[in-house]
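# Structural characterization, general
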Amino acid sequence: MLQQLVTAGLTIVVGIAAAFGYFYGSNWLLDILFPAGAAGDRATRNIRRAAAIRPWLFLGPALLALALYLVYPVAESIWLSFHGPAGRQFVGLKNYIWFIGDANIHSALINNFLWLLVVPAASTFLGLVTAALTDRIGWGNIAKSLIFMPMAISFVGATVIWKFVYDYRAANQDQIGLLNALVTWLGGPPEAWITLPFWNNFFLMVILVWIQTGFAMVILSAALRGIPEETIEAAVLDGANGLQIFFKIMVPQIWGTIAVVWTTITITVLKVFDIVYAMTNGQWDTDVLANQMYTWMFEGGGDFGRGATIALVIMILVIPIMIWNIRNAKAEMEGR
Amino acid sequence: MADLILKDVAKAYGDVKVLSNIDLDIKQGELIVFVGPSGCGKSTLLRMIAGLESITAGTLSIDGRVMNEVPAAQRGIAMVFQSYALYPHMTVRDNMAFALKIAKKSKAEIAAAVEKAARVLQLTPYLDRLPKALSGGQRQRVAIGRAIVRDPKVYLFDEPLSNLDAALRVATRLEIAQLKEQMPDSTMVYVTHDQVEAMTLASRIVVLAGGGISQVGTPLELYEKPENEFVAQFIGSPAMNLLPGEIVATGAETVVKLAGGSQVRAAIPTREADMGRAVKLGVRPEDLQPTEAADHIFEGRVEIVEALGEVTLLYFERQGEAAPMIAKLPGIHADLRRRQVRLAADPKKVHLFANGRSLLYR
């Protein structure tokens, strides 16, 4: 344990030192190659050249990392998706045909669709409501910290917490799951919540909503505070009540931010894997695409072709949302 | 369309008193301007009338009904904000219609009211635009239109011209004056720090200072007969000159001996008991004329000449006073720099203040 901490600390120090060294060193080299102190015209030319090269020099490491960890994997995934389980034998569109026809994939797609429908909507709505309410009360900041806290917990950690909420013991035993304890206290029979077909999907979604509400709240709270106070006062004078002011005056003014929050959560949802993997591993009809991808890629000997195909489908699904998200965020930054 | 009465109104934030003893009786059809230096509480008073700020003490009544606890929307007032406060996501039409929609008026009624207000304010071509596609002056007209469609008893304007550039400010000021002409029965309360707006628009001006009312009166009353030194110096530009002196003769006319030694006649009656009293003699820069006669108010060397074409401002240094003596002469007098000039004024144009209060009012 201690050794790991030391290693981690050392890595951080060495990494940062290397980054500094790179920027300082490359800049120094540039100054030597194109000295600004040269005579007359050459000085201006040198400065201009150095200025043209410097951004690329500084961007270099980041571009390299992006190429290595993003562009290459995408290319490799595309290549793999046209090959067999071991990634050697060319199979043409066979993996894609399998994808279209497979019953498990269909079930995962339907579940994914449900997640997309429920989680971004619920998180954004709850985030908006909590942002509006916590802005009005004295202990709002404490409430905000509490609501935001799940953001700091990893998906797996959050799932473990919720496993205790949904935990099931036979009817004659003491219930240690919060939900079953509540149900039995109210006189109902205990249920194995995460095995209930269809509904178990929603029990999993609750976890992500729990995590993402804090994110939505923080961003939307900032947006709500940016609304000019006078427009609200004008609405008060115009006779609007609290709800009318909220939905007709405040929410429309922060649509751009709501769209950014919504799409950001949508992208997270498309990638959701940890929660399903840790809670059910796709059993009882709770599978989603990302978990299918992991299962095909790494479990039971692995089928790189099918795993890569699923990965590509997820990527293709994310891209349009991503583009829309970036556009919205840009528009928001430029003040529409 | 209503009377608005403030009785002993006060405002405090915790222990900090902002306004106190505000008594004001505004008649239907008046355009009352609140004017005063920044921080005097004029906007706060307006917001108290609007219902956006609570009233700490005293009563506010509109049309005989006490409004202290009545919600803003039910007071029958409409307000125009300095920042326009248009709803940015709504078209001009929707901005103006919002209050009526909230009040659940019929579609035909709303359309008629909006069309009419748009016609009055020349906004008809812009009805389907968003506020961001309008100029500052047009935005302010929309804000005024939003007030008009509600047909309120009282219009409140909170520095409506302060966000406009100089040329537009003059044009919009005229538009507001014309608007008032068209609606002679509506009561308006207008807050500004600009005395030109106050002088040109107001039927009566309320000068606020030091947390209370300094003087209430028509623009010319305030100009000609200021009740105190503050109003005397606040109304009129450049500010009135004040010179310390002592009363040496009383009666229907008063004679004051100034610190400089000269004696000045003032057409203000005083009692015998005022003999020897220390006073300040006030004279407006525009009431001073150069003179050769022995009777004069001030004599000195011109330090700075500001030739504005239409008038010329002369600045004199005064011994023992930070504020310069200023004279405003009609026409061009660019040649007076560094010259010794003697100034005098008509006794009818001279003001006398004792302990900051005018001797006219006592």
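Cut-offs applied
Residues numbered from 1 in each chain as written. Chains lettered and ligands numbered in written order. Predicted model: local features only at pLDDT ≥ 70, side-chain atom pairs only at ≥ 80, totals over all residues. Heavy atoms only, no water. Helix = DSSP H or I, 4+ residues; strand = E, 2+ residues; numbered from the N terminus. Buried < 20%, exposed > 50% of the residue type's maximum accessible area, 1.4 Å probe, protein only. Contact = heavy atoms within 4.5 Å. Axes fitted to C-alpha atoms, helices over the stretch in contact; angles between N-to-C directions. Parallel < 35°, antiparallel > 145°, perpendicular 65-115°, else oblique. Left-handed = near helix turned anticlockwise from the far one by under 90°. Domains from an automatic or database assignment. Buried area = accessible area lost by both parts, 1.4 Å probe. Salt bridge = Lys/Arg side-chain N within 4 Å of Asp/Glu carboxyl O. Polar contact = N/O pair within 3.5 Å; in protein donor to acceptor, adjacent residues only side chain to side chain. Nonpolar A, V, L, I, M, F, W, Y, C, P; charged D, E, K, R; others polar. Pairing = 2+ DSSP bridges.

Summing up its helical and strand segments, chain B has eight helices and 21 strands in all. Dimensions of chain B along its principal axes, counting C-alpha atoms only, are 75 × 45 × 35 Å. In chain B, which comprises 362 residues, the proportion classed as buried is 51%. The contacts in chain B between residues at least 6 apart in sequence include a share of 65% that link residues at least 24 apart.

All names here are of chain B. Remark: helix α2 (residues 92-102) packs on helix α3 (residues 107-120), axes separated minimally by 10 Å, with the N-to-C direction vectors making an angle of 135°. Comparing their axes, α3 and α2 come out oblique. Seen from above, α2 lies across α3 with right-handed handedness. Contact residues: R93, M96, A97, L100 and K101 in α2; I110, A113, V114, E115, A117 and A118 in α3.

What follows concerns helix α9 (residues 229-237) of chain A. Residues A:T231, A:I232, A:E233, A:A234, A:A235 and A:L237 constitute the buried set of α9(A). On its buried face, α9(A) sits against α10 (242-253) of chain A together with α1 (42-50), β6 (77-80), α2 and α4 (136-149) of chain B. Backbone geometry just downstream of α9(A) places A:G239 in the positive-phi region, at approximately 95°.

Interface size is often expressed as the accessible area that is lost when the parts come together. Residue and element names in this part refer to chain B. For chain B, the domain assignment lists domain 1 (4-230) and domain 2 (241-358). Computed over C-alpha atoms only, the centres of domain 1 and domain 2 are separated by 39 Å. Contacts between the two partners involve seven residues from domain 1, matched on the other side by nine residues from domain 2. Both sides of the domain 1 and domain 2 interface together cover about 750 Å² of buried area, and 43% of this is carbon and sulfur. If you look at where domain 1 meets domain 2, you find one salt bridge. Where E227 meets R357, a salt bridge forms, and the shortest distance between an N and an O atom there is 3.7 Å. Taken together, the connections running from domain 1 to domain 2 amount to four residue pairs in polar contact (both at pLDDT 80 or more).

On to the packing of helix α3 (residues 94-101) of chain A against helix α4 (residues 103-134) of chain A, then. Residues and elements named next belong to chain A. For the pair α3 and α4, the least separation of the axes is 6 Å and the interaxial angle reads 65°. When α3 is examined against α4, the residues W98, F99, I100 and G101 are found in contact with a partner set consisting of A103, I105, H106 and L109. Tallied by class, residues from the contact of α3 with α4 come to six nonpolar, two polar and no charged.

Moving on to the sheet that holds strand β8 (residues 187-192) of chain B. Note: strands within a sheet are paired through backbone hydrogen bonds, in either parallel or antiparallel orientation. Residue and element names in this part refer to chain B. Read from one edge to the other, the open sheet built from six strands follows the order β6-β7-β8-β3-β9-β10, with strand pairing classed as mixed. Among the strands making up the open sheet, the edge pair consists of β6 and β10 (212-217). Averaged over all adjacent pairs, the angle separating strand axes in this sheet is 20°, with direction ignored. One ladder, built from four bridges, connects β6 with strand β7 (residues 154-158); its direction is parallel. Paired with A78 across the strands is Y155, a residue of β7. Where α4 meets the sheet, it contacts β6 and β7, and its direction lies at approximately 175° from that of β6.

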